[in-house]
Amino acid sequence: MVDWPASTFNTVDHSMASLDLPPAIAALRADLEDLVTSIERKTPYAAVLLSARQGLQITINDREEQITEQAPTAGTVLTAFDGATLHEAAIGGFDGAAIRQRARELTGGLTVRQEHLIDPGPPRRGDFVTPMQVPPDLLSTQEKLDRCRELHRRARGRDQRIVNVRVSYGETGELAVFSNRQADLAQRVQRVRLMLTVAVAGQNGVQYDWLIKAHTGGWEMLDMSDEELQAVVDGAVALLEAERIEPGDYTIVTAPGVTGTICHESFGHGVETDMFLKQRARAAHYIGEIVGSPLVNIWDDPSVPGAVGTYFFDHEGMLSEPTRIVEDGVFRRGITDLYSATALGIPRSANGRRQDFSRKTYARMSNTFFGAGTMPVEEIFAQVEHGIYLMKWSSGMEDPQGWGIQVTCHYGREIRHGKLTGRIFSPIGVSGYVPEVLQSISAVGNDLELDGGGCGKGHKEFVLAASGGPHLLLRARLG
Amino acid sequence: MLDTIIQALRSRSDLHGWTVRHVATNGAQLYAVPGAVEASRNVQIEHFVVDLLRHTPGPQGAMSAGSGTITILPGDDVGPALDTAALMAGLVHNPPYSLPRPASMPDVPVADPLQQRDAEATLARLHERLRAAVAADDRVSLAAAEFFADERSTRLLNSIEVDASQVETTLYLELALIARAGEREAEAFGEVTRRRVDDLDIEEEVRRHAQFATDSLAAGGPTAYTGPVVLRGPLLATFLNGGTLHYLSSAAAKYAKLSEWEIGQPIFRSAVEGDPLTIFANRQLAYGTHADRFDDEGLPAQRVPLIRDNVLQTFIANQRYADYLRLPPTGDFGDIELPAGATPVAELLAEPYVEIAAFSWFHPDAVTGAFASEIRLGYLCEDGKRTPFKGGALVGNVLDALANVRWSRETAFYGDYLGPTTARFGQLTVSGTGVS
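Cut-off values and rules
Residues numbered from 1 in each chain as written. Chains lettered and ligands numbered in written order. Predicted model: local features only at pLDDT ≥ 70, side-chain atom pairs only at ≥ 80, totals over all residues. Heavy atoms only, no water. Helix = DSSP H or I, 4+ residues; strand = E, 2+ residues; numbered from the N terminus. Rg over C-alpha atoms; globule rule 2.2 N^0.38 Å. Buried < 20%, exposed > 50% of the residue type's maximum accessible area, 1.4 Å probe, protein only. Areas by Shrake-Rupley, 256 points an atom, 1.4 Å probe, with all protein chains shown as cover. Lys, Arg positive; Asp, Glu negative; His and termini not counted. Charge placed at Lys NZ, Arg CZ, Asp CG, Glu CD. Contact = heavy atoms within 4.5 Å. Pairing = 2+ DSSP bridges. Axes fitted to C-alpha atoms, helices over the stretch in contact; angles between N-to-C directions. Buried area = accessible area lost by both parts, 1.4 Å probe. Salt bridge = Lys/Arg side-chain N within 4 Å of Asp/Glu carboxyl O. Polar contact = N/O pair within 3.5 Å; in protein donor to acceptor, adjacent residues only side chain to side chain. Nonpolar A, V, L, I, M, F, W, Y, C, P; charged D, E, K, R; others polar. Arc of directions from axis to C-beta. Phe/Tyr/Trp six-rings, centres within 6.5 Å; stacked < 30°, edge-to-face > 60°. Lys NZ or Arg CZ within 6 Å of the ring centre and 35° of its normal. pLDDT = per-residue confidence, 0-100. Core = buried A, V, L, I, M, F, W, Y, C linked by side-chain atoms within 4.5 Å. Parallel < 35°, antiparallel > 145°, perpendicular 65-115°, else oblique. Left-handed = near helix turned anticlockwise from the far one by under 90°.

For chain A, the count of helices and strands is ten helices and 22 strands. Against the globule reference of 23 Å for 479 residues, chain A gives a C-alpha radius of gyration of 23 Å, in line with a compact fold. In terms of overall dimensions, chain A has a C-alpha envelope of 70 × 55 × 40 Å along the principal axes. Of all 479 residues assigned to chain A, the portion counted as buried reaches 65%. If you sum the accessible surface of chain A, you get close to 17,000 Å²; carbon and sulfur atoms cover 50% of it. For chain A, the distance from the average site of its 47 positive side-chain charges to the average site of its 61 negative ones is 4 Å.

On to the overall build of chain B, then. Check the secondary structure of chain B and you find eleven helices and 19 strands. In chain B, which comprises 436 residues, the proportion classed as buried is 59%. A separation threshold of at least 6 residues defines the contact pool for chain B, and within that pool the share at least 24 residues apart is 70%. Each charge class in chain B can be summarised by its mean position, and for the 37 positive and 56 negative side chains these summaries are 3 Å apart.

Turning next to the sheet that holds strand β14 (residues 367–370) of chain A. Residue and element names in this part refer to chain A. Taken together, the six strands give an open sheet; going across it, the order is β11-β10-β9-β14-β21-β20, and neighbouring strands pair in mixed fashion. Strand pairing shows two members of the sheet lacking a second neighbour, β11 (330–331) and β20 (449–457), which therefore form its edges. Sheet topology note: the strand β9 (residues 298–300)/strand β10 (residues 323–327) ladder contains three bridges and is antiparallel. Among the inter-strand pairings, D300 is bridged to a residue of β10, identified as T323. Relative to the sheet, helix α6 (residues 256–266) contacts β9, β14, β20 and β21 (460–469), its axis offset from that of β21 by approximately 125 degrees.

Okay, the sheet that holds strand β8 (residues 279–282) of chain B next. Residue and element names in this part refer to chain B. Ordered in space as β10-β9-β8-β11-β18-β17, the six strands form an open sheet in which the pairing is mixed. Edge positions in the sheet fall to β10 (311–312) and β17 (411–413), since each of these pairs with one other strand and no more. Two elements, β8 and strand β11 (residues 335–337), share three bridges in a ladder whose sense is antiparallel. Along β11, the bridge assignment pairs A281 with I336.

Quick look at the interface of chain A and chain B now. Across the boundary between the two partners, chain A contributes 79 residues, which contact 75 residues of chain B. Broken down residue by residue, the surface that chain A buries against chain B is led by R63, E64 and R280 of chain A, which jointly contribute 10%. Inspection of the region where chain A meets chain B yields seven salt bridges. E174 of chain B serves as the salt-bridge partner of K460 of chain A, at 3.9 Å between the closest nitrogen and oxygen. On inspection of chain A and its partner chain B, the count reaches 35 residue pairs in polar contact (both at pLDDT 80 or more). For the side of chain A that touches chain B, the residue count by class is 27 nonpolar, 30 polar and 22 charged. Bridge analysis of strand β3 (residues 86–92) of chain A against strand β2 (residues 36–57) of chain B gives six bridges, and the strand direction is parallel. Across the sheet, L86 of chain A pairs through a bridge with A39 of chain B, a residue of β2 of chain B.

Here we come to helix α1 (residues 2–10) of chain B. All names here are of chain B. Among the residues of α1, L2, I5, I6, A8 and L9 are the ones counted as buried. The buried residues of α1 occupy an angular sector of 160 degrees when the element is viewed end-on, so they sit on one face. Among the exposed residues of α1, those pointing more than 90 degrees away from its buried face are D3, Q7 and R10. On its buried side, α1 packs onto β1 (17–33), β2, β3 (63–72), α2 (78–91) and β4 (140–158).

This part covers the pattern of salt bridges. All names here are of chain A. Throughout the structure, instances matching the rule amount to 59 salt bridges over all chains. Residue R149 is joined to D146 by a salt bridge in which the shortest nitrogen-to-oxygen separation is 3.2 Å. Placement of the pair is R149 and D146 together in helix α4 (residues 141–156), with a separation of three residues, close to one helical turn. Judged by its relative accessible area of 36%, D146 falls in the partly exposed class. E327 is paired through a salt bridge with R324; the nearest N and O atoms lie 3.9 Å apart. E327 gets classed as partly exposed once you look at its relative accessible area, which sits at 26%. By relative accessible area, which is 23% here, R324 ends up partly exposed.

Further remarks concern the pairing of strand β19 (residues 422–431) of chain B. Residues and elements named next belong to chain B. With eight of ten residues buried, β19 lies mostly within the body of the structure. Here strand β7 (residues 225–232) pairs with β19 via seven bridges, running antiparallel. Looking at the pairing, T226 lines up with T429 of β19. Here three bridges tie strand β15 (residues 393–397) to β19, and the two strands are oriented antiparallel to one another. Bridge pairing in β19 links L394 to V430. Of the strand pairs in this sheet, strand β16 (residues 405–407) and β19 are connected by three bridges, and their pairing is antiparallel. Note that in β19 the partner of R406 across the bridge is R424.

Residue and element names in this part refer to chain A. Its location among the elements puts L239 in helix α5 (residues 226–239). A relative accessible area of 1% places L239 in the buried class. Separated by 178 residues in the primary sequence, L239 and N61 have C-alpha atoms spaced 21 Å apart. If we skip the residues at most four places from it in the chain, L239 touches Q207, Y208, H410, Y411, I424 and S426.

Time to look at the packing of aromatic side chains. Counted by the stated rule, this structure contains 24 aromatic pairs over all chains. Seen in terms of ring centroids, Y255 of chain B and Y324 of chain B are 4.8 Å apart; in terms of plane orientation they differ by 40 degrees. Their pairing is tilted. With Y255 of chain B in helix α8 (residues 251–255) and Y324 of chain B in helix α9 (residues 319–325), the pair connects residues that are 69 residues apart, well separated along the chain. In terms of burial, Y255 of chain B and Y324 of chain B fall into one category: buried. One aromatic cluster is present, built from ring pairs that chain together F267, F276, Y286, F331, W403 and Y433 of chain A. Here the guanidinium or amino end of R386 of chain B rests over the ring plane of Y379 of chain B, the centre of that ring lying 3.9 Å away.

Here we take up the confidence of the model for chain B. The predicted model of chain B averages 95 in pLDDT, with 99% of residues at 70 or higher. On the interface metric, ipTM, the complex scores 0.92, and its pTM is 0.93.

This part is about the nonpolar core. Grouped together as the largest cluster of nonpolar side chains are 58 residues, with contacts concentrated most on F239, L240, I356, L402 and F425 of chain B. Each residue touching L240 of chain B, except ones within four places of it in the same chain, is listed here: L245, H246, I336, L338, L402, W407 and Y417 of chain B. Formed by 43 residues, the second largest nonpolar core is a distinct cluster that contains F267, M275, M365 and I388 of chain A.

Residue and element names in this part refer to chain A. For the pair α4 and α5, interaxial distance at closest approach is 10 Å and the crossing angle is 55 degrees. In terms of their interaxial angle, α4 and α5 are classed as oblique. Pair α4 / α5 crosses with right-handed handedness. Here L151, R154 and A155 of α4 lie close against α5, whose contacting residues are D226, L229 and V233. Across the contact of α4 with α5, the residue classes break down as four nonpolar, no polar and two charged.

Right, let's talk about unusual backbone geometry for a bit. Along the chain, S426 of chain A connects to P427 of chain A via a cis peptide bond; the corresponding omega equals -20 degrees. On the secondary structure map, P427 of chain A appears in the loop between β17 (419–425) and β18 (428–433). The omega torsion across E351 of chain B and P352 of chain B is 0 degrees, close enough to zero to call that bond cis. Relative to the helices and strands, P352 of chain B resides in the loop between α10 (345–348) and β12 (353–359). At K257 of chain B, a residue that is not glycine, the phi angle is positive and equals roughly 65 degrees. Tracing the chain through its elements places K257 of chain B in the loop between α8 and β8.

Written as structure tokens, this is what we have:
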């Protein structure tokens, strides 16, 4: 069994670095220790989070160009824990006087109870910045626009059936400063995303395919080769002849993105421990139990270099480190936020994340993936007499309590005698009962890739997260 | 600060037009876990969103348009922010378009005075009602609940004298109920969004979800099925708001050549076997969750006849795409409205049929309409029995389904939908047990 190479763990640079904090945040940071102290005069635990996110979006298609900001968020979260309930004030901006006033109001009517005691963690200080070779700030907006235009030009002429090519570039800088009585942490996480969508038209209507690159880092993460561009065009054209699959149980091979989505929806969402506290996660009853084939190893790791879900500390001041969720088919532990870990009396992990300062923290995934195995991918295909290669996922939905699984794939291709036949099916819904799906895994590839995407809690609370893994061979119901 | 921004905009000579929105949001949030309130939050946000429109010579010398958007927070420097937006607007070259002109803004009721008086107290009362309703139902217990109450005030001005204001309120309830039988458990999860407390029937939500949870305990696996499928209540609204109708009727998709719909032509490729389809895109729906007086661009709310007897009447267009396609602008889509059908619900429930009560997530492909959505709970109704099942997927295509559907005479309002309570689709497929 080969998992995510251990040598890549903890390689995030935790050394002191220049953050270049905006003046308002820098000024406020100097007061946070006093602010925490003042709140803790009335309550047993306090914390402050300063959070700012802003970015740029460039979109080009055959008929239009657009440059706009990504809707920014900027504000302060004051947290006061009265022993049972987290009381929070979320205030737009970084006005010190207004924040101190809200701190006084927040603690004004609180009565301390003795139900839970929050551990503020060990002493920790540090400033962290995403390492980059080509930081977005190094390029002018005109240069970024020209790069997008060039990508559009490279894709546009590849097939006469193309009716539109869309290039979408986004960059997001996320600044966070966290303080409690033990922590003074600041980070600047830079994320970039490039998406190419090719739409084609035929007698049966319009079809499309896409390629997304989403990472922490700079422009060095966004190269798209001619082969990758052609694959997108070929995928879209092939979909013009797509069929609906005959519903039923199939042998399937999952590409890394589909593997990751299965992982994300099963033992990702299913082990967020706020759901344990709410009695909404069946996994809570299976700690230490077998939940899948011995080939199954699942991690969540916010310290994977370059992955889109990577950060240095979570929104509750926990420094990033990997969590081994499933080990050789046995469920070991979940991923936590502060409140559920405290209420359940379990160790914390660095998974307390907010959509933005206006929303509360939940236990959320970062980069969640199946560990790699040992089998070359071509040997996995060679084992398939008749099956489906699920190549591209488009969405998924969790069911932590029922352990149902829904993954929608944009398309899959038929395999016969270990070879792709040319038949393509779209869309394909994958459904099943999580333990049965995980138990059916009979081969794990020696490859490993992560896809970047968005992740909601139910239908809201969106954060960026990555998921992935190797190629898998398993059985599931398709429709 | 709004005056400062407007003065700065008026002093610039490089702009063809501008729009400013001053948005202030006050919100309260309450999060309940078994036996406790996990968190109580108060949120205050204020910002100014500025859209700039510039006309500059394009690469071939012809006049072109570009826009830039910037968000300014109280206390920010206005000048540099506007410079950034103007730079964005000057770099891109699109066909010129205009801004919305001054128009009468309808008085659409979208605010709840009760919630506006005291949001935190409103949430506390709703929480208490929820606890009482669950306590009165011995089939289930409350696993979790979230309550959000937001009040959003907007003032919008543009460079050609549009000046409008509105206040909206939104209530959101998320609940998870658990039913137990021995060591077996089943969950029912629900979300409800409304504009006002009076439209949030917590007791009915508890009753409905308690039934789902209880039936889920007894549910078996799905059997392969092709035939009539019934959707009712909020799930029917979810089906219609899934995105395909919104996308294919958008002028932006038409302009991008991703929608093949044509005004004056049927939206269906195949023959229509069921009731004719008529849809209104309604931003004037009283207390509709997507209703408003005006949208983010300043276009007044309309009730747009979108599809009449299967034929597309217009595209949903903001000012830009309305100009590009030479259509009247409609503004945002709003809520979806269908007229009453001709058939009583009782007739639509003629056996045999499958009823879907809950999906994991109904998420059709916006461009093609194809879907394969996992079934959280369904019922096979035949021979006088209503047998619950879960798992498998409902498989079909939104457009094909709407070409073969009958609508109920009875109607209801579900926040983002006003129309028949029940739809019977002639033929959809449930992926059930079977081996390929």
